[in-house]
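# Structural overview for review
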Amino acid sequence: MIIAVTGTPGAGKTTVSKLLAQKLGYEYVSLRDYAMEKGIGEMKGDELEVEVDELAYNFERDFKGRNVVVDGHLSHFLNADLVVVLRAHPKLIGERLTKRGYSREKVGENVEAELVDVILVEALEENENVVEVDTTGKTPEEVVNEILGLIEKGVRRRVGIVDWSEVYDEVIPYLRL
Ligand SMILES: Nc1ncnc2c1ncn2[C@@H]1O[C@H](COP(=O)(O)OP(=O)(O)OP(=O)(O)O)[C@@H](O)[C@H]1O
């Protein structure tokens, strides 16, 4: 089974994906590292720009039939059996990315993306099997156990579990208004 873990940068994809892969006994793949290894896409500044169709085509060829947890904010464009969209309070995204030294512009862009469900909407356009998991106030272990529980119960779709419009006021300082 191919499990794609996606979400806004800073939502916790890498932490959760590694732990999930470990608990399931699956391979862990960073989609960014995979693209770079295969020479897919090109660096524009410090960002890797990839053609998603080329990425999906190569990934399918290399991983079809294997048990993989694939981590990346483009992983929902792959032909996955299950797409896990990690959500986090946009304020947490703002705090984490600021701590990482991202520019105000980049922090704002990602806080706004989380606020208006950009990745979720993209994932739903690509795949039927989308489960959202809110990581806010949970440890990575709790998040992984929640995902394992959903997989065990055979849940393949669970969306609409967060509504960040309720917390809009808290994130105004991060927005590019
Ligand atoms: N419940 C949680 N799930 C995942 N990460 C969490 C959680 N709570 C706190 N964190 C922390 O949040 C940070 C998330 O970073 P991580 O690199 O995993 O995110 P990411 O979504 O992969 O970001 P990026 O796409 O920018 O690499 C880590 O420092 C992690 O320890």
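Let me sum up the structure you'll find in this document.

Parameters and conventions
Numbering of residues starts from 1 in each chain and follows the order in which that chain's sequence is written. Local features are withheld for residues below a pLDDT of 70 in this predicted model, meaning they are given only at 70 or higher, and side-chain atom pairs are given and counted only at 80 or more; totals for whole chains, interfaces and linings count all residues. Hydrogens and water molecules were not included; the side-chain quantities draw on all heavy atoms of the structure. Put simply, DSSP H or I for four residues or longer makes a helix, DSSP E for two residues or longer makes a strand, and each gets a number counted from the N terminus. The cut-offs for exposure are 20% and 50% of the maximum accessible area for each residue type, with area from a 1.4 Å probe on protein chains only; residues under the lower value are buried, those over the upper are exposed, and the others partly exposed. A contact between two residues is defined here by any heavy atoms of the two lying within 4.5 Å. Reported accessibility uses the Shrake-Rupley method at a 1.4 Å probe radius. Residues are deemed covered only where the shown protein chains occlude them. Positive: Lys, Arg. Negative: Asp, Glu. His and the chain ends are not part of the count. In this description, the location of a charge corresponds to atom NZ of lysine, CZ of arginine, CG of aspartate or CD of glutamate. Patch construction takes residues with relative accessible area above 30% that form no salt bridge. Like charges are linked within 9 Å, and nonpolar side chains (Val, Leu, Ile, Met, Phe, Trp, Tyr) are linked within 5 Å. Every case where a carboxyl oxygen of Asp or Glu lies within 4 Å of a side-chain nitrogen of Lys or Arg is listed as a salt bridge.

For the rest of this paragraph, the subject is the overall build of the chain. Summing up its helical and strand segments, the chain has 8 helices and 7 strands in all. Of all 177 residues assigned to the chain, the portion counted as buried reaches 45%. Sequence separation of 24 or more characterises 77% of the internal contacts of the chain that already satisfy a separation of 6 or more. For the chain, the computed accessible surface area is about 9,200 Å², with 48% contributed by carbon and sulfur atoms. Treating the 22 positive side-chain charges of the chain as one cloud and the 34 negative ones as another, the clouds have centres 4 Å apart.

Further remarks concern a negative patch on the surface. A cluster of acidic side chains, namely Glu51, Asp53, Glu54, Glu125 and Glu126, defines a negative patch on the protein surface. Elements that contribute at least two residues to the negative patch include exactly α3 (52-63) and α6 (118-126). Its place among the elements puts glutamate 54 in helix α3. Judged by its relative accessible area of 38%, glutamate 54 falls in the partly exposed class.

Overall, the coordinates contain 13 salt bridges when judged by the stated rule. A salt bridge links arginine 61 to aspartate 62; the shortest N-O distance between them is 3.3 Å. When its relative accessible area of 21% is taken as the criterion, aspartate 62 is described as partly exposed. For glutamate 132, the salt bridge is made with arginine 87, and the minimal N-O distance between the two is 2.7 Å. Taken together, the residues glutamate 132 in strand β7 (residues 130-134) and arginine 87 in strand β6 (residues 82-87) connect sequence positions 45 residues apart. Judged by relative accessible area, which is 2%, arginine 87 ranks as buried. In this structure, a network of salt bridges that share partners links the residues Arg87, Glu114, Asp117 and Glu132.

Note that every value here comes from positions in space, so none of it alone points to a role or purpose.
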